[in-house]
Amino acid sequence: MEEPLASKIEKPVSTLLTLVAIFFALTLIAVTTFIGHRAWNNQTLLTQAFESCMQEAPFKNSTNSGSPEGNLNPENLQKHFDEFNEIFDRTGLPPIWNGTRLVPWREYHKESIQVAQQCHQQIGITQPQLQLRGTYAKPVWDPKSEIWQSEPPTT
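For the structure given in this document, a descriptive report is provided here. (Residues numbered from 1 in each chain as written. Predicted model: local features only at pLDDT ≥ 70, side-chain atom pairs only at ≥ 80, totals over all residues. Heavy atoms only, no water.)

1. Quick word on the nonpolar core
In this structure, Phe50, Met54, Trp105, Leu132, Tyr136 and Trp141 are the most contacted members of the largest nonpolar core, which totals 20 residues. For this core, the secondary structure elements donating two or more residues are helix 1 (5–53) and helix 4 (110–123). With 4 residues, the single largest contributor to this core is helix 4. (Core = buried A, V, L, I, M, F, W, Y, C linked by side-chain atoms within 4.5 Å. Buried < 20%, exposed > 50% of the residue type's maximum accessible area, 1.4 Å probe, protein only. Helix = DSSP H or I, 4+ residues; strand = E, 2+ residues; numbered from the N terminus.)

Next up, the structure:
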């Protein structure tokens, strides 16, 4: 017995719909990949430009600041641990050794964050946490972040 006419029509239509759906899915994947790749490259270029600009930041030259070993001895080690914990508890950020003493993170990087702000303006970065990659995308390097806008907590 012969197939009904409706059945003969449904088969090519469902095949055509399947092919159209696959085409649209592949097109969507290709467009998304292309846009994502462009965004990734743009983020990479901005990060490289920002890193070059940040070479002027004071913290970049702080590796010669000396090590704590010369100033620490077993008798006052507990004092330094306590000071570290006190600064960390008060500010929420670990202190940095500046060559002679422990300094709160915000105080140590105050000038560097001003350099970061100038670099953002020069390069045209408006949302560093979204536009940059790696360490420089963290809130502590965003001059507009809550860390820099609010007053440091005090005890």
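2. A word on helix 2 (residues 77–91)
With 15 residues, helix 2 extends 21 Å between its outermost C-alpha atoms, agreeing within 8% with the 21 Å of an ideal straight helix rising 1.5 Å per residue. When we look at burial in helix 2, the residues that qualify are His80, Ile87 and Thr91. Around the axis of helix 2, the buried residues are gathered within 30 degrees of arc, so they sit on the same side. Structurally, helix 2 contributes buried residues whose contacts are with strand 1 (96–97) and strand 2 (102–103). Just past helix 2, the residue Gly92 takes up positive phi, approximately 85 degrees. (Expected span 1.5 Å × (residues − 1). Arc of directions from axis to C-beta. Contact = heavy atoms within 4.5 Å.)

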